[in-house]
Each structure stands twice: as structure tokens, then as C-alpha cells.
Amino acid sequence: MQNLLLKLSGEALGGASGSGIDPTVLEHYANEIRSIVDQGIGVAVVLGGGNLFRGAKLSEAGMDRVVGDRMGMLATIMNGLALGDFLRRDNVPCSVFCASAIAGVVQGYDRDLALSKMREGHVVIVTGGTGNPYFTTDTAACLRGVELQVDTVLKATNVDGIYSSDPKKDAAATKFDTISFDQVLEKQLGVMDLTAIVLCKENNMPLVVFDASVKGALLALTKGQSIGTQVVR
């Protein structure tokens, strides 16, 4: 694994409450990312924004979906800027991009520039989702992973892999070490949304689902250790 894209949910940055930005969690992820950058591995990061804004209740109250998605995109920018600051304070070079530029705040995403920065050793943080409503940040992560020619997309979750059902609700749930994209779709496991799964499948992009809150998990994955669940064709 020479280049990877890490998908962090917004809730992951919120710590135990899942809301706001927990500085101890940011420090943890900055340290985890630094550990693999030190090994010469190229890293891109896509973040969600659920810790700062979730549009479900507002949608139920009648808010326009497009407006809600735009607000969610802004939340991902805030998370990206925060992670970028913690990385720089940890002496990790990084570049923050957004699907839609905001002058004086964040530069617009340019695939060729982002690739160049990765080759220079920068962590490339891509915010703003795909820049379009109706697409999740999971889809954005898979899209950017394909564009940036990474070896694998790593999706950080709050469980240690993909299970046959929710392990927090079903004691009989079994964990998959390896599973195919078709099986994920057939079993409706809800790992990512349909568009993201199909995008990875069609572009032969391996996907690993793991618990990134475990110290050293990210580095162990890059060294070939069997952690989490690998989704392949």
C-alpha cells in the first residue's frame, strides 16, 4: 500500500458525543496519519460533517434538500481546516482543498495539483463532498480515491469491520474478514451508499472498513496486517 485515501466520518471527530470537534480525537488522528506519512505513504483524507450539521430533522421540518446538503458541505470544510491545523502543528505538511473554492478560506479542488502535492509528501485533505447535493461524503471519498489513483480506500467506522448485522444490537452478528462488493449489495449491509459501492466496484478499487480509533490500526493496515474487513471484486 503506497497511497491511500482515508474516509473519516464527522461523528468520529466528535468523540464520545459524536458532536462538535474533540481536540483529543483530532490529535489521535493526526498522530495516526503522521505514523504512515513517516513511512513514505501518500495520504488523502475525505471528511464527513455529521458532527457539526445533520439535516435529517430540518428536512423533516421542510428544509429544501439542496440547502441542507450545502450546509453539510460547509461542515466538512470546518472539519478539514481543523484536521489540517492539527497536522501542521504535528509537523506534517498538508494541503486542504474544497470541491468549491471559498476565497481566503480554502482553495478549490484540482485533481492534478492534489496529485502533485501528494507526491511531494503532503497529506491532501479534500472537503466539500463532491460539490453537488444528493451525493454523500462516502461517494466523494470513493470518487477522490479513484481520481487520485490510490491503492485502497479506508473507511473509518466505530466498529472493527463489516458484520452480518449490527453487532451493537445483535449478539449473533458475525464479522467478515473479506467480502465482495456484490455480497455487500445483495445483503444490503449498509457499509456505504449504493453509489459509493458501485463506484469502487466498477473501478476495481479495494475498500477496507476498520476502527480507526484503535491506536496503531492505520499503520498496521499499511504493513499488510489483517484488520477490519476488506471489500474486493
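Residues numbered from 1 in each chain as written. Predicted model: local features only at pLDDT ≥ 70, side-chain atom pairs only at ≥ 80, totals over all residues. Heavy atoms only, no water.

Caption draft 1: Region of the structure containing the pattern of salt bridges. With the rule as written, the count across this model stands at eleven salt bridges. Across the pair Arg54 and Glu11 runs a salt bridge whose closest N-O atoms are separated by 2.2 Å. Taken as a pair, Arg54 in the loop between strand S2 (42-47) and helix H3 (56-60) and Glu11 in helix H1 (residues 10-13) lie far apart in primary sequence, 43 residues in all. The class for Arg54 is exposed, based on a relative accessible area of 55%. With a closest N to O distance of 3.3 Å, Lys175 and Asp177 form a salt bridge. (Salt bridge = Lys/Arg side-chain N within 4 Å of Asp/Glu carboxyl O. Helix = DSSP H or I, 4+ residues; strand = E, 2+ residues; numbered from the N terminus. Buried < 20%, exposed > 50% of the residue type's maximum accessible area, 1.4 Å probe, protein only.)

Caption draft 2: Focus on the nonpolar core. Residues Ile33 and Val123 are the most contacted members of the largest nonpolar core, which totals 36 residues. Looking at which element gives the most residues to this core, the answer is helix H2 (residues 23-37), with seven residues. Counting 31 residues, the second largest nonpolar core, distinct from the first, contains Val46, Cys142, Phe176 and Val184. (Core = buried A, V, L, I, M, F, W, Y, C linked by side-chain atoms within 4.5 Å.)

Caption draft 3: Representation of the pairing of strand S5 (residues 123-127) within the structure. Among the five residues of S5, five are classified as buried, and the element is accordingly described as predominantly covered. The alternating pattern of S5 places Val123, Ile125 and Thr127 and Val124 and Val126 on opposite faces, both of which are buried. Across three bridges, S2 lies against S5 in parallel orientation. Among the inter-strand pairings, Val45 is bridged to a residue of S5, identified as Ile125. Note: strand S3 (residues 94-98) against S5, five bridges, orientation parallel. Paired with Ser95 across the bridge in S5 is Val124. (Pairing = 2+ DSSP bridges.)

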